[in-house]
Every structure is written in structure tokens, then in C-alpha cells.
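Chain by chain, the residues:
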Amino acid sequence: MSLKAGIVGLPNVGKSTLFNAITKQNILAANYPFATIEPNVGIVFVPDTRIDYLKNLYQPVSVVPTTFEFTDIAGLVKGASKGEGLGNKFLSHIREVDAIVEVVRCFDDANITHVTGKTNPVSDIEIINIELVFADLDIINNRLEKIEKKAETTKDKDALFEVEVLKKCKVNLEANVPLRRISFEEDALKLLKNYNLLTLKPIIYVANVDEETIVVGDNDYSLAVKNYAESEGSGVIVMCAKLEADLAGLQNEERQEFLETVGISNSGLDKLIFATYNLLGLATFFTVGKDEVRAWTFKKGMKAPECAGIIHSDFQRGFIKAEVMSFDDLYTYNDEKKVKEAGKLRIEGKEYIIKDGDICYFRFNV
């Protein structure tokens, strides 16, 4: 599955520095607005110790970990929804992502220009939220203008339902409430999916602090971001983009040693990848063998035939059954044969919901 998160924020908050760390790519990270104009896309491996274990156990010809896509989107400014700062173009890039990672500046530095003149993370968040709200409101209003009268005249059931849902969106957006904060029925969410609304996308905030603060964990700025996120039910990762960029160039052992030296247990980057992965309700299943050990990304709740279809459409079309064992069972017995002998290898049908860590062999016939 190709799923991606877009990194957004005001200019000069550390987006491109973070993106450099995420993808180990050396894109332009300049000290002025709009250094990033076209979105940069990078693929990252999702850290997973399970695939290392499977590699050692099966000694395959190739190993393919699961991946996640991050897009670095140019800095938004106040008035973006009206075209300020090439805003319309940038907003269109955000529409293409599945989740939003909003980088918020939580440090003071006289050498790095702040677009508003001072560090105020909550104000920064609200500037972006309002621009996304205005952009969604334009879409909602345009659609209502086209269908509202027609729906009332024809009394078409589907059209009336659409008008009802859109009016609910409009009322909340006019109150500057992002749609992700609003509860919708499943049918309404299915309808709204067609509009690709910005404020309906799940969001996680990255409180970008300086190198001194990351050792302590928080400052007044990052605490303010945490309080804001908690009020809307969103997640927060506190990290230092500059430190993560330094770590990105190190080998694993050097990286771990560096973290221990500065007194940090886990990389903020790894936390961000996991948090974004979970934000979208993603999980991992595995296929194993001497030829290949591979991790596959799937949406939680998917049934066996759907997951088989991630590998190849023929697998889903001709699905017969799935032979499934859990990673935990394989780890416990350390041998596939012993898993079978213990009765832990299961035969599952079309209604089986794949679980994170399942190791699957799909049988099919087309």
C-alpha cells in the first residue's frame, strides 16, 4: 500500500531539516521563506526488529522491509487559502497526502528568521489551521451552490443527504473548527472522502526544540503544543530536527552511542515514523521463505483476501485460504516446524481479519 504523510508548517520552522533527517537526502534547507517550492518526496523504512529476526532465521536471498512515504511541502503563510505565498499550489500538495505532520517551531534563534517576527507555537498552529479551514470552506460552499436548490426541488435522497452533511461541515468550518474534531457517521465519512478535505486528514504535531531542550524533554513552547494537541485529540512528538539530521549520517551503532551520550533513549525520528504509521491505522504482516522475507503494510481491519491482494490482485481474486502463524509464536518456538507441531499454524478463510505480526502464506487459484 502506498500511503504518505505531508510535512507542513510555516517557513523556517525546520521542515526541510526534518525531511533531510527522515530520508537522508540533502535537499535545500535555507534560511528564508519558500526555499522548498516543489514538494520533495522520500521513502523511509519503518523500523521493525521483527524483520531482522526473520532475516536471521530464514537467511533469504532478499529482505524487503515495509516503507512509508513522506512529502516535504513548502511553507504555508497567512493568506495561503487566498493564494498568498503560492498558497493554492501548496494546499493542492497537502490534498494528495493521507496524513499531516505539522512541524511547529519551539525554539528561539536570532539567526533564523521567524516569518511572524517571534516564536509563538500556538499562534503558528492556528495560522495554518485557519488557512486549511478556509480552503475547505471554499470547496464546501462551491458544492452547496451547485446542489442545494436541486436537492430541495427533486427531493433526491442522496442529494439531500449530501446537503445535510455539507451543511454540518460548513457550520463547523465557519466556527474555525477543523473537521477532524467532528464526529461523522460512516456514510458521511464515505461521502466526504470524495472531497479530500484538508481539515479531515489526521494530524500529528512535531514540536521542534533546540538541542539543549531535547535532553530535558520539554520547554514552555513544546508544553503549549502538547496542551493544544490534547484539546483536539491529536498526537505530539517532541524532537530536535537539527539533532536528527546529525544522527541521520551515522551508522546504527554510532547512532545509538550518540543517543546514549546525549542522554536520549530513542530517536525522535523513529518515534515520528511509528506515530505516523499508527495515526493512519496501519500494521504489518509478513511473508517468509528462502527466496524472500518481506514486510507488507495493511490497514487494520482488512480481511485475508484484501491483504492477499496487496501482494497481487490475482491472490485476492482467486483466494482459497491463508496459512497463518503469529510472529510471537515463531519467536517462541524459533522454528516453523515446531510451530506446526504445537498446533499454532492456523488455516484461515475469507472472513479472517489479519493481525499485526501475522506471517502468511496465501493459497489461491485463478
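Residues numbered from 1 in each chain as written. Predicted model: local features only at pLDDT ≥ 70, side-chain atom pairs only at ≥ 80, totals over all residues. Heavy atoms only, no water.

(A) Focus on the nonpolar core. Counting 56 residues, the largest nonpolar core has Leu18, Phe68, Phe70, Ile94 and Leu272 as its most contacted members. Ignoring anything within four residues of it in the chain, the contact list for Phe70 reads Ala5, Ile7, Phe19, Ile22, Asn40, Val41, Gly42, Val44, Val101, Ile273 and Thr276. Membership of the second largest hydrophobic core comes to 21 residues, among which are Ile147, Val165, Val177 and Leu191. (Core = buried A, V, L, I, M, F, W, Y, C linked by side-chain atoms within 4.5 Å. Buried < 20%, exposed > 50% of the residue type's maximum accessible area, 1.4 Å probe, protein only. Contact = heavy atoms within 4.5 Å.)

(B) Representation of the packing of helix H4 (residues 121-154) against helix H5 (residues 157-174) in the model. Two elements in contact, H4 and H5, have axes separated by 9 Å at closest approach and are oriented at 145°. The crossing of H4 and H5 is left-handed. Residues Val133, Asp136, Leu137, Ile140, Asn141, Arg143, Leu144, Ile147, Glu148, Ala151 and Glu152 of H4 pack against Ala159, Leu160, Glu162, Val163, Leu166, Lys167, Cys169, Lys170, Leu173 and Glu174 of H5. Per-class residue counts for the contact of H4 with H5 are twelve nonpolar, one polar and eight charged. (Axes fitted to C-alpha atoms, helices over the stretch in contact; angles between N-to-C directions. Helix = DSSP H or I, 4+ residues; strand = E, 2+ residues; numbered from the N terminus. Left-handed = near helix turned anticlockwise from the far one by under 90°. Nonpolar A, V, L, I, M, F, W, Y, C, P; charged D, E, K, R; others polar.)

(C) Broad picture of the confidence of the model for the protein chain. Confidence in the prediction for the protein chain averages 85 pLDDT; 89% of positions are at 70 or higher. Low pLDDT (under 50) marks residues 25-37, which in the prediction has 37 contacts with non-local residues, meaning those over four places away or in another chain. (pLDDT = per-residue confidence, 0-100.)

(D) Local environment of the pattern of salt bridges. Tallied over the entire structure, the rule returns 15 salt bridges. One salt bridge connects Asp356 with Arg50, and the closest N-O pair in it is separated by 3.1 Å. Taken together, the residues span a long stretch of sequence, with Asp356 in the loop between strand E11 (346-348) and strand E12 (358-364) and Arg50 in helix H2 (residues 49-58) at a distance of 306 residues. Taking relative accessible area as the criterion, Asp356 reaches 45% and is therefore assigned partly exposed. Among the salt bridges present, the one from Glu351 reaches Lys303, with a minimum N-O distance of 2.5 Å. Of the two residues, Glu351 is situated in the loop between E11 and E12 and Lys303 in the loop between strand E9 (292-299) and helix H12 (304-311); the sequence distance between them amounts to 48 residues. (Salt bridge = Lys/Arg side-chain N within 4 Å of Asp/Glu carboxyl O.)

(E) Inspection of the side chain of Thr66 at higher detail. Position of Thr66 relative to the elements: it lies in the loop between strand E3 (62-64) and strand E4 (67-72). A relative accessible area of 4% places Thr66 in the buried class. Looking at Thr66, its side chain comes within polar contact range of the side chain of Thr297, at 2.2 Å. In this structure Thr66 touches Val44, Phe45, Val46, Tyr277, Thr284, Ala295, Trp296 and Thr297, once residues within four positions along its chain are discounted. (Polar contact = N/O pair within 3.5 Å; in protein donor to acceptor, adjacent residues only side chain to side chain.)

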